[in-house]
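An overview of the molecular structure
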Amino acid sequence: MPKVIPEYKEDAKKKIIQTAIEVIAERGYAEASIHAIAKRLNVSKGAIYWYFPTREALFQEVMATIQRQMQVITDDSPKPASLDALYSILFSPIFEQFDLGDEGRRALFYEMFALSLRNPAIRGATVEYLNALVAATEGAVKREQENGSIQTKTDARTLAYIMVALYSGLLNYKMTEMPEEEIMKIWQEGVRLLVSKGE
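If you're wondering where the values come from, they're calculated on a predicted model, not measured in any experiment. (Residues numbered from 1 in each chain as written. Predicted model: local features only at pLDDT ≥ 70, side-chain atom pairs only at ≥ 80, totals over all residues. Heavy atoms only, no water.)

On to the side chain of glutamate 138, then. Position of glutamate 138 among the secondary structure elements: in helix α7 (residues 120-146). Those residues in contact with glutamate 138, other than ones at most four positions away along the chain, are Ala156, Arg157 and Ala160. (Helix = DSSP H or I, 4+ residues; strand = E, 2+ residues; numbered from the N terminus. Contact = heavy atoms within 4.5 Å.)

Structure (structure tokens):
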């Protein structure tokens, strides 16, 4: 009989998901077995399977969790009062949240894209994650277009896709150890160019 995780169901699920994030980031998806996650939690594999019937189901929930975290940060961002504040207060938090702050989660970002090529379930989770990022960015762009902070004639959805693409490209440089300051400078200048009034 599997060992029962001594927390309420939701707390136990959160703990499993967080541990899965850590193990996937350290070992890569291929080596992130249910056994390894259970061992780190000091529970049996059956205890994990009680909450997640497959490793793929757990990985999908990992992606959904990261997606929700990113959405909360974006929705709770303060409303900027000027163009200078726009990219530092509104879009930089999107950048930072999508980055997720550590090498492990950046590794997870790349892992999910690699897996998407071969695994339809993971592809679905990846698409949902990116769609949520685009939607959150689009919502922020629309708000700022309405109050005049964003003056470009480009529609909000197109701008959102461009910003996500800009971030993704900069992430590649971050993985090659480009200095954080240089990446943020490029990000801010890129956003400034995107939101300024075009001809």
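Having seen the model, we can carry on.
Below, the discussion takes up unusual backbone geometry. A negative phi angle characterises most non-glycine residues, just as the trans form characterises most peptide bonds. In this structure, asparagine 42 takes a positive phi of about 65° despite not being glycine. Look at asparagine 42 and you get exposed, because its relative accessible area is 55%. (Buried < 20%, exposed > 50% of the residue type's maximum accessible area, 1.4 Å probe, protein only.)

Our focus in this paragraph is the UniProt feature "DNA-binding region" (unreviewed entry) in the protein chain. Per the UniProt record, "DNA-binding region" (unreviewed entry) is found at residues 33-52. Helix makes up 75% of residues 33-52 and strand 0%. Its end C-alpha atoms lie 13 Å apart. (UniProt positions renumbered as here; feature names shortened; annotations may be inferred.)

Averaged over all residues, the pLDDT of the protein chain is 76; the fraction at 70 or higher stands at 74%. The element-level mean pLDDT for the protein chain is lowest in helix α5 (residues 83-99), coming to 55, with helix α2 (residues 34-41) highest at 93. (pLDDT = per-residue confidence, 0-100.)

Take the pattern of salt bridges next. Side chains that carry opposite charge are capable of pairing whenever their charged atoms lie near each other. The tally for this structure, following the rule as stated, stands at five salt bridges. A salt bridge links lysine 142 to glutamate 138; the nearest nitrogen and oxygen atoms lie 3.4 Å apart. With lysine 142 and glutamate 138 both in helix α7 and four residues apart, the pair spans about one turn of that helix. Classification of lysine 142 by relative accessible area gives partly exposed; the value is 42%. Between arginine 192 and glutamate 189 there is a salt bridge, with the nearest N and O atoms lying 3.8 Å from each other. Within this pair, arginine 192 and its partner glutamate 189 are both found in helix α9 (residues 180-195), separated by three residues, close to a single helical turn. Relative accessible area serves as the criterion here: at 39%, glutamate 189 is assigned to the partly exposed category. Taken together, the salt bridges that share partners define one network made up of Glu22, Glu26 and Arg40. (Salt bridge = Lys/Arg side-chain N within 4 Å of Asp/Glu carboxyl O.)

This brings us to the nonpolar core. Residues Ile48, Leu58, Phe59, Val62, Met63 and Leu108 are the most contacted members of the largest nonpolar core, which totals 30 residues. Counting residues per element, the ones that place at least two in this core are α1 (9-27), α2, α3 (45-51), α4 (55-75), α6 (103-116) and α7. Top element by residues in this core is α1. It accounts for seven residues. Look past the residues within four positions of leucine 108 in its chain and what remains in contact with it is Ile21, Ile24, Phe59, Val62, Met63 and Ile66. Core analysis: the second largest hydrophobic core is formed by 14 residues, Leu159, Met163, Val191 and Val195 among them. (Core = buried A, V, L, I, M, F, W, Y, C linked by side-chain atoms within 4.5 Å.)

Here we come to the packing of helix α8 (residues 156-175) against α9. At their nearest, the axes of α8 and α9 sit 11 Å apart, and the two run at 165° to each other. One finds that α8 runs roughly antiparallel with respect to α9. Crossing angle aside, the handedness with which α8 passes α9 is right-handed. Packed against α8, whose contacting residues are Leu159, Ile162, Met163, Leu166, Tyr167, Leu170, Tyr173 and Lys174, the element α9 presents Glu180, Ile183, Ile186, Trp187, Gly190, Val191, Leu194 and Val195 at the interface. Broken down by class, the residue content of the contact of α8 with α9 amounts to 13 nonpolar, one polar and two charged. (Axes fitted to C-alpha atoms, helices over the stretch in contact; angles between N-to-C directions. Parallel < 35°, antiparallel > 145°, perpendicular 65-115°, else oblique. Left-handed = near helix turned anticlockwise from the far one by under 90°. Nonpolar A, V, L, I, M, F, W, Y, C, P; charged D, E, K, R; others polar.)

With respect to the helices and strands, serine 44 occurs in the loop between α2 and α3. A relative accessible area of 25% means that serine 44 is categorised as partly exposed.

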